Amino acid sequence: MVFMHNYYAEHALLPTGWASQVRFHITGGCFHNIQTNSQPQASDIKLQGPILPGMINLHSHAFQRAMAGLAEVNLNPADSFWSWRDLMYSLVGKLTPEQVQTIASFLYIEMLKAGYTQVAEFHYLHHQANGQAYDNPATMALAVREAALDTGIGQTLLPVLYSHSGFGGQTANAGQQRFLHKVDSYLRLQQELNSSNISSRINQGVCFHSLRAVTGEQIQQTLAASEKHWPVHIHIAEQQQEVKDCIAWSGQRPVAWLANEIGLSERWCLVHATHIDAQEQQQIVGSRAVVGICPTTEANLGDGIFPATQLAQAGGRFGIGSDSHVCISPAQEIRLLEYSQRLQAQQRNRLYDANNPSVGMYLYQKCVADGGAACGLSAGIAEGNRADFISLDISYPTLASAQPQQWLDRWCFGSNHNPVNDVYVAGNQVIKEGQHPLQENTYQAMQVCLQKLL
Ligand code: NGQ
Ligand code: ZN
């Protein structure tokens, strides 16, 4: 017999907005029979505080958490994305699978505590330091998957195809040796990971590092041989230099090249897509591809400002990612996303729609729904969706005094206080009153790991 839990929350953020007196049960890790304006019953599990869907983090390179905050020293008047990448490569040269697992576990606990319940792990650190595959070529990918299994976060594992250093199949450089696959070894890795996955919290996708790192032929071959329902992720048009190089190589801008030569669809997640023109925007909107905006990393790396206001007004889809992990907070990503638009337009309240004039509410709901799609999930508190949700401690004075419609703006724009209290993934409680059961051990292991690494 299946034991059925009934839950009750005074307030829940449904896809249609805040609802009161919400009851539901969770079976098979999913929401069922969601009722609003209903009376709690004595046997119900009463959730403390309002509940919201967990946020989706659609772009992560877990290992980069180890260097967050250590690349903020000027070494060169021309410091740039590319000089940051050299520092990042020097970290790449040192990492062991055990260290990667420790860093990822630490990171995923931080994510859960911040309110993320799903992470798309864009995983390209595949091989030993000398570029040789491990005896089991999936060793590194299994390390990041173990971290998700141990900590309880949902994960879309995206093993990355990375073969070249620049457009047109240029030979990879010394710093990239740990990343390299050809299509056939990449497909074997994909299959190995897929056939060994036994968790409903883990799914998989196809991933190309960038148009610099793969050729069009490789993209076609890989897509033809991969599962047709999996999401497809790629870094694209993040830096002006990349746009220039793409035009020099092909005569087209990166997003235009991808749309025209390969074809976009709702399976695609275009990570960054910072530098697009009006025609590329139309191609993104028309295809229903999701743009993966990483506001704090894009600011940190000096990428530029993504035209989110225009994309939103045209009906485009987007979500947020924490990418290099200089910040692990959905509220702060949402805040910077909106503020970048205000700074550029010299206006206020840029990202909203007719249903959601509240910017915090609009962005939270959109990044759950569209970010979920980019992870191959139907996300949100709705019938049949995986039961991923968070509760907020609203005893903080600014929240305690607010109306439900104001909670998200108070959280995202009104303080740096983290109100995330309890977190559930697939119906399992993973954070209790702000704490994770593996936190103490994992934080200790992280400290030892960093002392050794740095
Ligand atoms: C990455 N990160 O793969 O980690 C990239 C930098 C590259 C971001 N783009 C390396 N944020 O694009 O070549
Ligand atoms: Zn990235």
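Quick caveat: nothing in here was measured; it's all calculated off a predicted structure.

Definitions and cut-offs
- Residues numbered from 1 in each chain as written.
- Chains lettered and ligands numbered in written order.
- Predicted model: local features only at pLDDT ≥ 70, side-chain atom pairs only at ≥ 80, totals over all residues.
- Heavy atoms only, no water.
- Helix = DSSP H or I, 4+ residues; strand = E, 2+ residues; numbered from the N terminus.
- Buried < 20%, exposed > 50% of the residue type's maximum accessible area, 1.4 Å probe, protein only.
- Donors = N, O, S within 2.8 Å, 3.2 Å for Na, K, Ca; no water.
- Salt bridge = Lys/Arg side-chain N within 4 Å of Asp/Glu carboxyl O.

A. Local environment of the environment of Pro397. With respect to the secondary-structure elements, Pro397 resides in helix 13 (residues 397–400). Residue Pro397 is classed as exposed on the basis of its relative accessible area, which comes to 59%. Residues Pro397 and Pro97 lie 300 residues apart in sequence; the distance between their C-alpha atoms is 44 Å.

B. A look at the coordination of the zinc ion (ligand 2). Within the first shell, the zinc ion (ligand 2) binds the protein through His59 (NE2), His61 (NE2) and His235 (NE2), at distances of 2.0 to 2.1 Å. Expressed as a motif, the donor residue spacing for the zinc ion (ligand 2) is H-x1-H-x173-H. Taken together, the positions of His61 in the loop between strand 6 (55–60) and helix 1 (81–92) and His235 in strand 11 (residues 232–236) put the pair 174 residues apart, joining distant regions of the chain. Take His61 and His235: they sit in the same class, and that class is buried.

C. Broad picture of the pattern of salt bridges. Per the counting criterion, the structure on display carries eight salt bridges. Between Glu110 and Arg65 there is a salt bridge, and its shortest N-O distance comes to 2.7 Å. In this pair, Glu110 sits in helix 2 (residues 97–114) while Arg65 sits in the loop between strand 6 and helix 1, placing the two residues 45 residues apart along the sequence. Using a relative accessible area of 19% as the deciding quantity, one classes Arg65 as buried. In this structure, Arg212 engages Glu242 in a salt bridge whose closest nitrogen and oxygen atoms are separated by 3.7 Å. Within this pair, whereas Arg212 is found in the loop between strand 10 (206–210) and helix 5 (216–225), its partner Glu242 is found in helix 6 (residues 240–250), the two being separated by 30 residues in sequence. With relative accessibility at 8%, the residue Arg212 sits in the buried group. With relative accessibility at 2%, the residue Glu242 sits in the buried group.

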